[in-house]
Amino acid sequence: MARGWYILHTYTGYESKIEKTIRLLVDSGELSSDIVLDIKVPVEEVVEIKEGKKKVSTKKFLPGYIMIELDLPDIGWKGTCSAIRRIQGVTGFVGADPNVRPRPISADEAKALLQKSGDIKGEKPTRLKQSFSVGEQVKIIEGSFASFSGTIEEVNLEKSKLKVTVNIFGRDTPVELGLLQVEKI
C-alpha cells in the first residue's frame, strides 16, 4: 500500500465540484473509503483592507489542483485512479501518465501545503491583499501609535512588517508595525 497525499489536476473553477463528486463516490461505495482517505481544496485566508475596514476571505492558492490522500493498493490501484480520472473536469494526477501509478508528494510538501491552508497546526500566514511601497504615507490605525501618520521606510512582506517613520514631539522616530496596523492615506 502506498499511503500519501497526491495532487489531482482539474479544470480551474471545478475544484469544489470535483471534491463533492469524489465524496459522493466514496459515500455511494463506488470508491472505497479505505483507499480514498481525505480530499482538500487548498485555500488560504486573505485580508483585504478597504476604507479602514478589514475583510477576511478565503482564496484558492493552487487553482486547478486538489490534494487527495490515498492509500493505493499494490494490486488494483488502476481501477481507483481511472475512476477518479473519469470524473468530469479532472485531467489527471500530477506527474503521471494514465498507465503509470501516480506518486505521492513528499511528506514535507504535504505538511507545508496543509499548514498554509490551516488544516494542521503550524505557522499559518495570512496574506494581505493591500500592497505597500517605500515612501508612501500611511496612517496608523492600531497600537500605541494609533492616529499618527508616517512615511514607509522599509517593507518586509515575509514577516508582514513595515518600518514607518513617525514624527513624535518634533522628532522623526522609526516604528516597526504589522501590515494590519496601518492603512494608506
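Residues numbered from 1 in each chain as written. Predicted model: local features only at pLDDT ≥ 70, side-chain atom pairs only at ≥ 80, totals over all residues. Heavy atoms only, no water.

Caption draft 1: Examining the environment of P102 more closely. Tracing the backbone through its elements, the reader meets P102 in the loop between β6 (90-93) and α3 (107-117). Exposure remark for P102: the relative accessible area of 3% places this residue in the buried category. Remark: the alpha-carbon pair of P102 and F132, spanning 30 residues in sequence, is separated by 42 Å. Not counting the four nearest positions on each side in its chain, P102 is found in contact with Y6, L72, W77, C81, R85, F93 and A96. (Helix = DSSP H or I, 4+ residues; strand = E, 2+ residues; numbered from the N terminus. Buried < 20%, exposed > 50% of the residue type's maximum accessible area, 1.4 Å probe, protein only. Contact = heavy atoms within 4.5 Å.)

Caption draft 2: Quick look at the side chain of R85. As for its position among the elements, R85 is in helix α2 (residues 77-85). Buried and unpaired, R85 has D97 as its nearest opposite-charge partner, separated by 8.2 Å. A polar side-chain atom of R85 sits 3.4 Å from the main-chain carbonyl oxygen of P98. The contacts of R85, once residues within four sequence positions are left out, are V90, G92, F93, D97, P98, V100 and P102. (Lys, Arg positive; Asp, Glu negative; His and termini not counted. Salt bridge = Lys/Arg side-chain N within 4 Å of Asp/Glu carboxyl O. Polar contact = N/O pair within 3.5 Å; in protein donor to acceptor, adjacent residues only side chain to side chain.)

Caption draft 3: Geometry of the packing of aromatic side chains. The full count for this structure, using the stated rule, is 3 aromatic pairs. Ring centres 6.3 Å apart and planes at 80° place the aromatic pair Y6 and F93 in the edge-to-face group. Within this pair, whereas Y6 is found in strand β1 (residues 2-10), its partner F93 is found in strand β6, the two being separated by 87 residues in sequence. Summarising the burial analysis for this pair, Y6 and F93 share the class buried. Between Y11 and Y14, the aromatic rings sit 5.6 Å apart at their centres with planes inclined by 85°, giving edge-to-face as the arrangement. A residue is classified by how much of its surface remains accessible, and Y11, at 46% relative accessible area, is partly exposed. Between K116 and the ring centre of F61, over which it is positioned, the NZ or CZ distance is 4.6 Å. Stacked on the ring of F132, the Lys or Arg K184 has its end atom at 6.0 Å from the ring centre. (Phe/Tyr/Trp six-rings, centres within 6.5 Å; stacked < 30°, edge-to-face > 60°. Lys NZ or Arg CZ within 6 Å of the ring centre and 35° of its normal.)

Caption draft 4: Up close: the sheet that holds strand β2 (residues 36-40). Taken in spatial order, the 4 strands of this open sheet run β2-β5-β1-β6, and their pairing is antiparallel. A single partner strand is all that each edge strand has here, and the edge strands are β2 and β6. Each adjacent strand pair in this sheet contributes to an overall mean axis angle of 25°, direction not counted. The sheet contact formed by β1 and strand β5 (residues 65-72) spans 8 bridges and is antiparallel. Across the sheet, residue L8 finds its bridge partner in β5, namely I66. Seen against the sheet, helix α1 (residues 15-28) touches β1, β2, β5 and β6 and runs at an angle of roughly 160° to β2. (Pairing = 2+ DSSP bridges. Axes fitted to C-alpha atoms, helices over the stretch in contact; angles between N-to-C directions.)

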